[in-house]
Amino acid sequence: MRVLIVEDEPYMAEAIRDGLRLEAIAADIAGDGDTALRLLRFNEYDIAVLDRDIPGPTGDEIARRIVASGTGTPILMLTAADRLDDKTTGFGLGADDYLTKPFDLQELVLRLRALDRRRAHNRPPVREIAGLRLDPFRREVYRDGRYVALTRKQFAVLEVLVAAEGGVVGAEELLARAWDENADPFTNAVRITVSGLRKRLGEPWLIATVPGVGYRVDNGEDGG
């Protein structure tokens, strides 16, 4: 398990990290909101442990962004805000659990493991088609047993195509599902991303272009 500890008190953050390591739980530390967002952008965490009162974007804002990202990363708020209305607000922001300070480290460990078990039960299924294996939880792709490194956008596009189970997916649908709402409908980003994805997956080509219609996962070579 790998968790992100967002806590602006260095001594407490380091104590939590060191205690979790003894329980075989890896932990990264962020002492402010900007650092937390940067770590979340470049790493995948099983759980985010948030103090609500931190410099920069608050723990509440980080919780909002985690929920909006759609990653499904569980959130445990670890904070001194212990009133009932504080907890109500925290859960309303998307927290999966709420632990108030002071706390016992062993209780934190138990809660983290409970959240991790719950997350494991909700993992999306691994999809396989045409020798391709896509694990949406681990965000890993294999072709004929070979690991394929993809960018986030390439993975998002492939996930949509694989979910179609051989059906054709139009460029507009890919744009709507793999890009955000601000994407330019006239952009050539879909074509460029599919081209790069096809090259990453290697020959024989798995992604076929259906002229004037869209793209699909195919066993044969692609003529587009």
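Scroll up to find the structure.
It should be emphasised that the depicted structure is a prediction, and the values quoted were computed from it without experimental measurement. (Residues numbered from 1 in each chain as written. Predicted model: local features only at pLDDT ≥ 70, side-chain atom pairs only at ≥ 80, totals over all residues. Heavy atoms only, no water.)

(A) Up close: the pattern of salt bridges. Here the structure, examined in full by the defined rule, presents 14 salt bridges. For Arg-2, the salt bridge goes to Asp-28, with nearest N and O atoms at 2.7 Å. A residue pair is termed long-range when its members are at least 10 positions apart, and Arg-2 in strand S1 (residues 2–6) and Asp-28 in strand S2 (residues 26–30) qualify at 26 residues. A relative accessible area of 22% means that Asp-28 is categorised as partly exposed. (Salt bridge = Lys/Arg side-chain N within 4 Å of Asp/Glu carboxyl O. Helix = DSSP H or I, 4+ residues; strand = E, 2+ residues; numbered from the N terminus. Buried < 20%, exposed > 50% of the residue type's maximum accessible area, 1.4 Å probe, protein only.)

(B) Up close: the packing of helix H6 (residues 152–163) against helix H7 (residues 171–178). It is at 10 Å that the axes of H6 and H7 come closest, and there the two elements cross at 125 degrees. By the angle class used here, H6 and H7 are oblique. The handedness of the crossing between H6 and H7 comes out as right-handed. Contacts between H6 and H7 pair Lys-153, Ala-156, Val-157, Val-160 and Leu-161 from the former with Leu-174, Arg-177 and Ala-178 from the latter. Broken down by class, the residue content of the contact of H6 with H7 amounts to six nonpolar, no polar and two charged. (Axes fitted to C-alpha atoms, helices over the stretch in contact; angles between N-to-C directions. Parallel < 35°, antiparallel > 145°, perpendicular 65-115°, else oblique. Left-handed = near helix turned anticlockwise from the far one by under 90°. Contact = heavy atoms within 4.5 Å. Nonpolar A, V, L, I, M, F, W, Y, C, P; charged D, E, K, R; others polar.)

(C) The sheet that holds S1, seen in detail. What the five strands build is an open sheet, ordered S2-S1-S3-S4-S5; its pairing is parallel. Only two strands of the sheet have a single partner each, and these edge strands are S2 and strand S5 (97–100). With direction set aside, neighbouring strand axes in the sheet form an average angle of 20 degrees. The pairing of strand S3 (residues 47–50) with strand S4 (residues 75–79) spans three bridges and is parallel. If you follow Ala-48 over to S4, its bridge partner there is Ile-75. With respect to the sheet, helix H3 (residues 59–69) is in contact with S1, S3 and S4, its orientation differing from that of S4 by roughly 175 degrees. Sheet strands touched by helix H4 (residues 84–92): S4 and S5. Its angle to S5, the strand with the most contacts, is close to 145 degrees. (Pairing = 2+ DSSP bridges.)

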